[in-house]
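# Topology and contacts: notes
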Amino acid sequence: MLLTLTRLQVSYYVLNLMNLGDRMKSVKMSLVAVLLLGANVYAADNVKVGGDAKLFYGTQGETLNGAAEKDIFNKSASYADFGFTLGVTADLMENVKAGGKVQIVSTLGLEHEIATAPWSSAHSSSSGVLNTTEWVSEGWLEGKLGNTTGKIGRMTLDTPLAFTETWSVDYNTFEAVVVSNEDIPDTTLSGMFIAQSNGYADDLPSPAAGSITSTGGAFNTFGSGGAYVIGATNNSIKPLTAQAWYYDLPNTADAVWLQADLDYDGILAGAQYVNIDRTSATDNDIAYALKLGYAIPDVVTVTAAYSSVDDKSPTGVANMATEGQNAGAASSLYTEYWWWFATASAPGSDTMMLSAESTVYDVDLFLGLYSSDIQPSGASKQEVDEITFTASKSCGPVDTSLALIYDMFDQDAPKPTTYMKDLSTVQVYLTYNY
């Protein structure tokens, strides 16, 4: 019944988007107006304006030891949010282009009706009211000279240890300078300086599900003084793609990520190695992962993977941009859980993953099985298992997805007086692209 109510409310809340307040409309229109004005001034070509509107809803039922349990579909066990993006890109002149995007998150009153918490961690609050929050998530200028491309401003990034996470109703970005070169055949060389990120703070009470961006989308210094990153990706042997990344965060950490992936006649294989030397810790965060799979085109893809994080690792090997989150941070490991992040990448975690993907009648189906034994040096052992099933389908400009998730938890004595034994989760994702 709750799921039906949520669907019926979609049109009502989308229609009310235009009444979210003068400030939000001003921010949206100001960015677009400035960029479009700039496009006209420079006689720009290929101007594109677009974005998306999202409604994400999740509910969870907990089985607790020694405390009252939360029932699935209950308002107190549910979280929901609307997310909106509006952006523009334009070719300002030959080999020069620019882009910008605004993000907006709003519950539109959902916390008064079907949920007690928002999905996004970007909301600010006053007197217990979750405010509509908007910020400029992207604003960049890009130029190309020969085989070298340079980009500066606020942007998304995709590197193994510092990346934009797109699984939530909003997404984190970076203020950076990026230069890439493709003069060497089948090779991309990258160099960048990351100055700031908005993926650190987390001020939300449980069950804040999508803890990616800081309150208000505010940007903070990445590390203690930014990060210098260099990387190389090579595909000279066509079935094999190899990449190497080095990160230097002054006074914070040095890190290396090595990875090789094979895709040959349906055979999928891969290996990962990561080593993070943190200035504040005696031991390094060290992990490796292996992957093996087989893909039958248009039928099914089956993948198995294993990863291990050293038990003396001080922090783990999650995304550096979000690893400060209480709700957990995603990682680039092959074994990364679909939902319960910060498990496969945690110190002392040995994780196995088995997944299957297929498409039936234009519906994309996914089944993932995850199991971790976690025992950091000197600590008690924990076990975390997850079963995830998703069904996704696109209907014109609308993307829909349903996720059913079951997580199981156990730990050696001494157990806390109250601890969660298992968690059943249902999530609905609706996205309209415009």
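Residues numbered from 1 in each chain as written. Predicted model: local features only at pLDDT ≥ 70, side-chain atom pairs only at ≥ 80, totals over all residues. Heavy atoms only, no water.

## Quick look at the overall build of the protein chain
- A count of helices and strands for the protein chain gives three helices and 23 strands.
- Sorting the 434 residues of the protein chain into buried and exposed places 46% on the buried side.
- Residue pairs in contact within the protein chain that sit at least 24 positions apart in sequence constitute 59% of those at least 6 positions apart.
- Approximately 20,100 Å² of the protein chain is accessible, and the part contributed by carbon and sulfur atoms is 57%. (Helix = DSSP H or I, 4+ residues; strand = E, 2+ residues; numbered from the N terminus. Buried < 20%, exposed > 50% of the residue type's maximum accessible area, 1.4 Å probe, protein only. Contact = heavy atoms within 4.5 Å. Areas by Shrake-Rupley, 256 points an atom, 1.4 Å probe, with all protein chains shown as cover.)

## Describing a negative patch on the surface
- Taken together, the side chains of Asp 283, Asp 310, Asp 311, Asp 350 and Asp 373 define an acidic patch exposed on the protein surface.
- Take Asp 311: it is sitting in the loop between strand 18 (300-309) and strand 19 (349-360).
- Judged by its relative accessible area of 36%, Asp 311 falls in the partly exposed class. (Patch = residues over 30% accessible without salt bridge, like charges linked within 9 Å, V, L, I, M, F, W, Y side chains within 5 Å. Salt bridge = Lys/Arg side-chain N within 4 Å of Asp/Glu carboxyl O. Lys, Arg positive; Asp, Glu negative; His and termini not counted. Charge placed at Lys NZ, Arg CZ, Asp CG, Glu CD.)

## As for the pairing of strand 23 (residues 419-433)
- Bridge count between strand 1 (residues 45-65) and strand 23: 14 bridges; the pairing is antiparallel. By the bridge assignment for strand 23, Thr 59 is matched with Val 426. (Pairing = 2+ DSSP bridges.)

## What to know about the pattern of salt bridges
- Tallying each qualifying case throughout the model produces six salt bridges.
- For Lys 97, the salt bridge identified is with Glu 142, shortest N-O distance 3.7 Å. Taken as a pair, Lys 97 in strand 3 (residues 96-106) and Glu 142 in strand 6 (residues 133-145) lie far apart in primary sequence, 45 residues in all.
- For Glu 142, a relative accessible area of 19% gives the class buried.
- In this structure, Glu 175 and Arg 154 form a salt bridge, with 2.3 Å as the shortest nitrogen-oxygen distance.

## Focus: the pairing of strand 22 (residues 398-411)
- Bridge count between strand 21 (residues 382-395) and strand 22: 14 bridges; the pairing is antiparallel. The residue of strand 22 that forms the bridge with Phe 389 is Leu 404.
- Following strand 21, the chain reverses through two residues before pairing antiparallel with strand 22; Gly 396 in that reversal takes a positive phi of roughly 65 degrees.
- With eleven bridges joining them, strand 22 and strand 23 adopt antiparallel strand pairing. The residue bridging Leu 404 from the neighbouring strand is Val 426, located in strand 23.

## Focus on a nonpolar patch on the surface
- On the surface, Val 302, Leu 354, Leu 367, Leu 369, Ile 387, Phe 389, Leu 402, Leu 404 and Tyr 406 cluster together into a nonpolar patch covering about 680 Å² of accessible area.
- For the nonpolar patch, the secondary-structure elements that each account for two or more residues are strand 20 (363-374), strand 21 and strand 22.
- With three residues, strand 22 is the single largest residue contributor to the nonpolar patch.
- Mapped onto the fold, Tyr 406 is located in strand 22.
- The class for Tyr 406 is partly exposed, based on a relative accessible area of 30%.

## Overview of the nonpolar core
- Core analysis: the biggest nonpolar cluster contains 39 residues, and Leu 157, Leu 161, Ile 194, Phe 222, Tyr 247 and Ile 276 have the highest contact counts within it.
- For Leu 161, the residues in contact, after removing those within four places along its chain, are Tyr 247, Ala 255, Trp 257, Val 274, Ile 276, Val 317, Ala 318, Asn 319, Met 320 and Ala 321.
- With 14 residues, the next largest nonpolar core counts Ala 53, Phe 82, Leu 110 and Val 428 among its residues. (Core = buried A, V, L, I, M, F, W, Y, C linked by side-chain atoms within 4.5 Å.)

## Observations concerning the packing of aromatic side chains
- Taken as a whole and judged by the stated rule, the model has 15 aromatic pairs.
- Plain terms: the ring middles of Trp 167 and Trp 339 are 5.8 Å apart, the flat faces sit at 90 degrees to each other, and that makes the pair edge-to-face. Here the residue Trp 167 occupies a position in the loop between strand 9 (162-163) and strand 10 (174-181), and Trp 339 occupies one in the loop between strand 18 and strand 19, the gap between them amounting to 172 residues.
- Ring pairing ties together the aromatic residues Phe 56, Tyr 79, Trp 119, Trp 167, Trp 338, Trp 339, Phe 341 and Tyr 429, which thus form one cluster. (Phe/Tyr/Trp six-rings, centres within 6.5 Å; stacked < 30°, edge-to-face > 60°.)

## Concerning the side chain of Thr 107
- Inspection of the secondary structure puts Thr 107 in the loop between strand 3 and helix 3 (110-113).
- Judged by its relative accessible area of 3%, Thr 107 falls in the buried class.
- There is a polar contact of 2.4 Å between the side chain of Thr 107 and the side chain of Glu 111.
- Residues contacting Thr 107, with those up to four places away along its chain left out, are Ala 80, Asp 81, Phe 82, Pro 118, His 123 and Leu 130. (Polar contact = N/O pair within 3.5 Å; in protein donor to acceptor, adjacent residues only side chain to side chain.)

## Comments concerning the environment of Ile 114
- Structurally, Ile 114 is set in the loop between helix 3 and strand 4 (125-126).
- Note on Ile 114: relative accessible area 4%, which makes it buried.
- Measuring from C-alpha to C-alpha, the distance between Ile 114 and Ser 78 comes to 7.0 Å, with 36 residues separating the pair along the chain.

## Things to note about unusual backbone geometry
- Positioned with a positive phi, Asp 265 is a non-glycine residue whose angle comes to about 50 degrees.
- Relative to the assigned elements, Asp 265 resides in the loop between strand 15 (253-264) and strand 16 (267-278).
- Phi is positive for Asp 298, which is not a glycine, with a value near 65 degrees.
- Within the fold, Asp 298 resides in the loop between strand 17 (285-296) and strand 18.

## A few points about the confidence of the model for the protein chain
- Predicted confidence across the protein chain gives a mean pLDDT of 86, with 83% of residues reaching 70 or more.
- Within the model, pLDDT remains below 50 along residues 1-29, and this stretch shows 34 contacts once partners closer than five positions in the same chain are excluded.
- Confidence over residues 201-210 falls short of pLDDT 50; this stretch has 30 contacts with residues more than four positions distant or in other chains. (pLDDT = per-residue confidence, 0-100.)

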